[in-house]
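This is what each chain is made of:
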Number of protein chains: 2
Amino acid sequence: MNLKEKIRTVPDWPKKGVMFRDITTLLQDSKAFHHVIEVLSERYKSRKPDVVAGIEARGFIFGGALAHELGCGFVPIRKKGKLPYKTSREEYALEYGTDVIEVHIDAIRPGQRVLLVDDLIATGGTALAACKLIEKLGGKIMECAFIIDLPDLGGRKKLLDAGYPVVTLVEFEGE
Amino acid sequence: MNLKEKIRTVPDWPKKGVMFRDITTLLQDSKAFHHVIEVLSERYKSRKPDVVAGIEARGFIFGGALAHELGCGFVPIRKKGKLPYKTSREEYALEYGTDVIEVHIDAIRPGQRVLLVDDLIATGGTALAACKLIEKLGGKIMECAFIIDLPDLGGRKKLLDAGYPVVTLVEFEGE
């Protein structure tokens, strides 16, 4: 299946000059969504993670489906102030300023193998912070899985350089 | 399975006096999460929806998993300003003021049967707005499915009174 043609490009969003890759057109296509989860679950069925961690908010859709398909638990990694219980947090740099992601301190047990899932990797700032957060709780990053890679922004390389395996399904390069 | 005991109660969150029902403890329990999706998919496998619509953000986790299990497409219903393409929007009342949810105008085709999913129904304001939004696009609400019902807050009744079927799995009453 050509997944790339299932993804809509919205020019100038969220700001002028950005070509936004809109995954909602893939999600609403039952065959395309099913295919994505099948491809990823095939990859992990012989070496299952203990939990799938998904990054808010689109990572919840793919991560939730994949966790269910693999029979794993699911851990939400959320933006600041969204989780009700005690959290561990990690700050990361944005273009201007910083942001914070959080996870419940008891969401992952030491030694658990964690598959990190999000829809897209751009600069990799959020994903790298999520990896550090998972490791703070004693989890081991098995792999980071993304549907879309924007290689020009270097996120995949950043994660690989930090020692985290990465898989992506679709690339949008220099477009 | 006793799902209720898988849900953690966090007192005084997000504000004094509220007993917050925290579903993350259920999600991270692989058997409990799997059980929830199995129960719901059993319910719909003989009368499948065309799409599952999930409400941001926890509705994405359950809705994504359920859409995959049923082989349906998934439609995200999001908070204001999060969707990149043209949207239809619906305003709804909060305790103080109003809020807005949005959906892409081409997310649902006229006549499609839509299963609405969220983790919890409280006053039902967001869910009712989501139903209206789906109908604006020509979708037909097949049912609204929630894991947790807080019957004291009347949301279930509000949806039923408006003609929308509702299913919930766990109740927290007067606690």
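Below: a short report on this structure. (Residues numbered from 1 in each chain as written. Chains lettered and ligands numbered in written order. Predicted model: local features only at pLDDT ≥ 70, side-chain atom pairs only at ≥ 80, totals over all residues. Heavy atoms only, no water.)

**Some thoughts on helix 2 (residues 30–44) of chain B**
One turn of the α-helix equals 3.6 residues, which is why residues spaced by three or four share an orientation.
Stage number 1. With 15 residues, helix 2 of chain B ought to run about 21 Å at 1.5 Å a step, and its terminal C-alpha atoms sit 22 Å apart, in line with that.
Stage number 2. Among the residues of helix 2 of chain B, the N-terminal cap falls to aspartate 29 of chain B, whose side-chain oxygen and the backbone nitrogen of lysine 31 of chain B are separated by 3.1 Å. (Helix = DSSP H or I, 4+ residues; strand = E, 2+ residues; numbered from the N terminus. Expected span 1.5 Å × (residues − 1). Polar contact = N/O pair within 3.5 Å; in protein donor to acceptor, adjacent residues only side chain to side chain.)

**Brief notes about the sheet that holds strand 5 (residues 87–93) of chain A**
Residue and element names in this part refer to chain A.
Stage number 1. Here we have 7 strands laid out as an open sheet, ordered 5-6-4-3-7-8-9, and mixed in their pairing. Edge strands, defined here as strands with exactly one partner in the open sheet, are strand 5 and strand 9 (166–171). On average, adjacent strands in this sheet sit at an angle of 20° to one another, irrespective of strand direction.
Stage number 2. As defined by bridge partners, strand 8 (residues 140–149) adjoins strand 9 across 5 bridges and the pair is classed as parallel. Bridge pairing links isoleucine 148 to valine 170 in strand 9.
Stage number 3. Lying over the sheet, helix 2 (residues 30–44) contacts strand 7 (113–121), strand 8 and strand 9, oriented at roughly 155° with respect to strand 8. (Pairing = 2+ DSSP bridges. Axes fitted to C-alpha atoms, helices over the stretch in contact; angles between N-to-C directions. Contact = heavy atoms within 4.5 Å.)

**Quick look at the sheet that holds strand 7 (residues 113–121) of chain B**
Residue and element names in this part refer to chain B.
Stage number 1. Pairing in this open sheet of 7 strands is mixed, and the strands run 5-6-4-3-7-8-9 from one edge to the other. With partners counted over all chains shown, the strands left at the sheet margins are strand 5 (87–93) and strand 9 (166–171), one partner each. Within the sheet, the average angular offset between the axes of one strand and its neighbour, ignoring direction, is 20°.
Stage number 2. For strand 7 and strand 8 (residues 140–149), the ladder comprises 8 bridges, and the chain directions are parallel.

**Let's talk about the side chain of arginine 21 of chain A**
All names here are of chain A.
Stage number 1. In this fold, arginine 21 is placed in strand 2 (residues 19–22).
Stage number 2. Among the residues examined, arginine 21 registers a relative accessible area of 7% and is labelled buried.
Stage number 3. Within polar-contact distance, the side chain of arginine 21 engages the side chain of threonine 9 at 2.7 Å. (Buried < 20%, exposed > 50% of the residue type's maximum accessible area, 1.4 Å probe, protein only.)

**A word on helix 2 of chain A**
Stage number 1. Among the residues of helix 2 of chain A, those classed as buried are Ala32, Phe33, Val36, Ile37, Leu40, Ser41 and Tyr44 of chain A. Projected down its long axis, helix 2 of chain A carries its buried residues within an arc of 165°, all on one side. (Arc of directions from axis to C-beta.)

**Some thoughts on the pairing of strand 4 (residues 73–79) of chain A**
Residue and element names in this part refer to chain A.
Stage number 1. Burial runs high along strand 4: 6 of the 7 residues are buried.
Stage number 2. Across 5 bridges, strand 3 (residues 51–55) lies against strand 4 in parallel orientation. If you follow glycine 54 over to strand 4, its bridge partner there is proline 76.
Stage number 3. Read from strand 3 through helix 3 (residues 58–70) to strand 4, the crossover connection turns out right-handed.
Stage number 4. Across 2 bridges, strand 4 lies against strand 6 (residues 98–104) in antiparallel orientation. What sits directly across from lysine 79, in strand 6, is isoleucine 101. (Right-handed = clockwise from strand over helix to strand, strands pointing away.)

**Topic: the environment of lysine 4 of chain B**
Stage number 1. By secondary structure assignment, the location of lysine 4 of chain B is in the segment before strand 1 (8–11).
Stage number 2. Remark: the alpha-carbon pair of lysine 4 of chain B and valine 170 of chain B, spanning 166 residues in sequence, is separated by 6.1 Å.

**Thoughts on the interface of chain B and chain A**
Stage number 1. Each partner contributes residues to the interface: chain B has 39 residues there, and chain A has 39 residues.
Stage number 2. Of all residues in chain B, Gln28, His68 and Pro84 of chain B give up the largest surface area on contact with chain A, accounting jointly for 22% of the area buried on that side.
Stage number 3. At the junction of chain B and chain A, the tally comes to 2 salt bridges.
Stage number 4. Put simply, arginine 8 of chain A and aspartate 106 of chain B hold a salt bridge, and the shortest N to O gap is 2.7 Å.
Stage number 5. Looking at which element gives the most residues to the side of chain B that touches chain A, the answer is helix 3 (residues 58–70) of chain B, with 8 residues.
Stage number 6. Class assignment of the residues belonging to the side of chain B that touches chain A gives a composition of 19 nonpolar, 10 polar and 10 charged. (Buried area = accessible area lost by both parts, 1.4 Å probe. Salt bridge = Lys/Arg side-chain N within 4 Å of Asp/Glu carboxyl O. Nonpolar A, V, L, I, M, F, W, Y, C, P; charged D, E, K, R; others polar.)

**So, a positive patch on the surface**
Stage number 1. Taken together, the side chains of Lys79 and Lys82 of chain A together with Lys79 and Lys82 of chain B present a region of like positive charge at the surface.
Stage number 2. Residue position: lysine 79 of chain B is located in strand 4 (residues 73–79).
Stage number 3. For lysine 79 of chain B, a relative accessible area of 33% translates into the label partly exposed. (Patch = residues over 30% accessible without salt bridge, like charges linked within 9 Å, V, L, I, M, F, W, Y side chains within 5 Å. Areas by Shrake-Rupley, 256 points an atom, 1.4 Å probe, with all protein chains shown as cover. Lys, Arg positive; Asp, Glu negative; His and termini not counted. Charge placed at Lys NZ, Arg CZ, Asp CG, Glu CD.)

**What to know about the pattern of salt bridges**
Stage number 1. Under the definition given, this model contains 26 salt bridges over all chains.
Stage number 2. Across the pair glutamate 143 of chain A and arginine 43 of chain A runs a salt bridge whose closest N-O atoms are separated by 2.7 Å. Note that glutamate 143 of chain A is positioned in strand 8 and arginine 43 of chain A in helix 2, a separation of 100 residues in sequence.
Stage number 3. Residue class for arginine 43 of chain A comes out partly exposed when judged on its relative accessible area of 35%.
Stage number 4. A salt bridge links arginine 89 of chain A to glutamate 102 of chain A, with the shortest nitrogen-to-oxygen separation between them at 2.3 Å. In this pair, arginine 89 of chain A sits in strand 5 while glutamate 102 of chain A sits in strand 6, placing the two residues 13 residues apart along the sequence.
Stage number 5. By relative accessible area, arginine 89 of chain A is classed as partly exposed at 44%.
Stage number 6. Through salt bridges that share partners, Arg8 and Asp22 of chain A together with Asp106 of chain B make up one connected network.

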